Amino acid sequence: MNQIIKGAELESAVPANVFVETVTEVTHFTDRLFRFKITRPASFRFRSGEFVMIGLMIDGKPLFRAYSIASPSWDEELEFFSIKVPNGPLTQHLQKVREGDQILLKKKSTGTLVLDALSPAKRLYMFSSGTGIAPFASLIRDPETYEKFDEVILTHTTREIAELRYGEELVADISSDPLIGEVAAGKLHLYNSVTRERFEREGRITHLIESGKLFDDLGVPPINVNEDRAMICGSMHMINDTKSLLEQRGFTEGANNNPSDFVVERSFVG
Ligand SMILES: Cc1cc2nc3c(=O)[nH]c(=O)nc-3n(C[C@H](O)[C@H](O)[C@H](O)COP(=O)(O)OP(=O)(O)OC[C@H]3O[C@@H](n4cnc5c(N)ncnc54)[C@H](O)[C@@H]3O)c2cc1C
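Basis of the calculations
- Residues numbered from 1 in each chain as written.
- Predicted model: local features only at pLDDT ≥ 70, side-chain atom pairs only at ≥ 80, totals over all residues.
- Heavy atoms only, no water.
- Core = buried A, V, L, I, M, F, W, Y, C linked by side-chain atoms within 4.5 Å.
- Buried < 20%, exposed > 50% of the residue type's maximum accessible area, 1.4 Å probe, protein only.
- Helix = DSSP H or I, 4+ residues; strand = E, 2+ residues; numbered from the N terminus.
- Domains from an automatic or database assignment.
- Contact = heavy atoms within 4.5 Å.
- Expected span 1.5 Å × (residues − 1).
- Near = heavy atom within 4 Å.
- Polar contact = N/O pair within 3.5 Å; in protein donor to acceptor, adjacent residues only side chain to side chain.
- Areas by Shrake-Rupley, 256 points an atom, 1.4 Å probe, with all protein chains shown as cover.
- Phe/Tyr/Trp six-rings, centres within 6.5 Å; stacked < 30°, edge-to-face > 60°.
- Lys NZ or Arg CZ within 6 Å of the ring centre and 35° of its normal.
- Pairing = 2+ DSSP bridges.
- Axes fitted to C-alpha atoms, helices over the stretch in contact; angles between N-to-C directions.

Colleague: Looking at this structure, I do not really get the nonpolar core. What am I missing?
Modeller: It is characteristic of soluble globular proteins that their nonpolar side chains tend to be buried jointly. Among the nonpolar cores identified, the biggest contains 32 residues, and Met 126, Phe 136, Ile 140, Tyr 166, Leu 188 and Met 231 are the most heavily contacted of them. Elements represented by at least two residues in this core include exactly strand 7 (123–129), helix 3 (134–139), strand 8 (151–158), helix 5 (165–176), helix 6 (180–184) and strand 10 (228–234). Counting residues domain by domain, this core receives three or more from each of domain 1 (7–106) and domain 2 (115–264). Setting aside its immediate chain neighbours within four residues, Leu 188 contacts Ile 140, Tyr 146, Val 152, Val 171 and Ile 174.

Set out below in structure tokens:
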């Protein structure tokens, strides 16, 4: 059986580039998805949309995986939205964490889903599937997103309706937040769809883009490079298909040092 070490023993066992932080809240949404929050070290800086390596000590060794930071850069805590992979080396343990447990956090964050990598435009599309919504949970709570774009359209596609709950609650909480609610009012739109259940919006996002249903439902012109920018986060398959639809429409990929029309990041490997 794997043994997870804790407390002072853990503090002394971790490398110098790792913080040991405490879990402050855990919420389970389905048997595949949960959210947890941890304390944030005062010196830990990141840009909204970036990811970081988080981990647990398992069998006396630290085991890390990449996680998008779901909270915005101004927040006092760090939030993560996680899959539970059956027998997954990390998540079979991570899914059992409770308030007060300790989590390892590497000191350096990175990533391509940042506002700096996009050139200015009117609307920003955030295309996500599954846990790929996590970096956007950060960006839609960052006032800078609304300073840079007049409209922000977050699409979230999951297999089942129950998996949409994280995104729905997130957007509802933003509307009622006294600070960010005011800057996001009238600008932020959530457009969700499911692929494996009957729902008012069914199918992959690529299908909803190609059919034009996405734009008809939102009452906006079809996505175009003159007015729109995009960020994509999901499975490799979802990214490649969405990316090629954008490229067919004249969009070019941007990077931190070369801002352009869209950016992508995998929400997992495999
Ligand atoms: C840049 C980046 C950011 C990431 N951000 C997140 C995040 O915010 N939340 C999160 O839950 N995971 C995220 N991941 C995936 C994460 O790093 C781990 O793969 C995941 O936590 C499972 O770890 P594991 O050790 O249990 O299983 P692993 O051995 O890592 O994965 C086993 C298999 O599970 C599947 N899988 C892994 N992650 C997911 C997922 N998120 N959704 C669906 N299937 C998956 C894949 O088929 C994979 O081959 C991210 C990965 C990358 C590269």
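Moving on from the model shown.
Colleague: I tried to follow helix 5 on my own but got confused; where do I start?
Modeller: Since the α-helix packs 3.6 residues into each turn, any two residues three or four apart lie on the same face. End to end, helix 5 covers 17 Å across 12 residues, agreeing with the expected 16 Å (1.5 Å per residue, within 8%). Against the buried residues of helix 5 lie strand 2 (33–39), strand 5 (77–83), helix 3, helix 6 and strand 9 (188–194).

Colleague: For this particular structure, what's the right way to read the site of the ligand?
Modeller: What surrounds the ligand is a group of 19 residues, the closest being Ala 66, Tyr 67, Leu 90, Thr 91 and Thr 131. Ile 83 has a polar backbone atom sitting 2.8 Å from an oxygen atom of the ligand. One nitrogen or oxygen atom from the main chain of Pro 89 is found 3.5 Å from an oxygen atom belonging to the ligand. The fraction of the free accessible surface of the ligand (860 Å²) that becomes covered by protein chains is 80%.

Colleague: Could you clarify how one ought to interpret the packing of aromatic side chains in this entry?
Modeller: To describe a pair of aromatic rings, one takes the distance between the centres and the angle between the planes. Per the stated rule, a full pass over the model turns up 10 aromatic pairs. For the ring pair Phe 29 and Tyr 166, a centre distance of 5.7 Å and an interplane angle of 80 degrees mean the geometry is edge-to-face. In this pair, Phe 29 sits in the loop between strand 1 (18–28) and strand 2 while Tyr 166 sits in helix 5, placing the two residues 137 residues apart along the sequence. One exposure class covers both Phe 29 and Tyr 166, and it is buried. Aromatic pair Tyr 125 and Phe 127: ring centres 5.4 Å apart, planes at 10 degrees, arrangement stacked. For Tyr 125, a relative accessible area of 0% translates into the label buried. By way of ring pairs, the aromatic residues Phe 34, Phe 36, Tyr 67 and Phe 80 are connected into one cluster. Directly above the aromatic system of Phe 64 lies the positively charged group of Lys 106, at a separation of 4.6 Å from the ring centroid. Sitting over the face of the ring of Tyr 191, Arg 201 holds its NZ or CZ atom 5.3 Å from the ring centroid.

Colleague: Could you clarify how one ought to interpret the sheet that holds strand 1 in this entry?
Modeller: Adjacent strands of a sheet form backbone hydrogen bonds with each other and so pair up, either parallel or antiparallel. Read across the sheet, 6 strands follow the order 4-3-6-1-2-5 without closing on themselves; strand pairing throughout is antiparallel. Bordering the open sheet on either side are strand 4 (61–68) and strand 5, each of which pairs with just one other strand. In this sheet, adjacent strand axes meet at a mean angle of 40 degrees when their direction is disregarded. Examined bridge by bridge, strand 1 and strand 6 (residues 102–106) share 5 bridges and lie antiparallel to one another. For Thr 22, the partnering residue across the bridge sits in strand 6 and is Gln 102.

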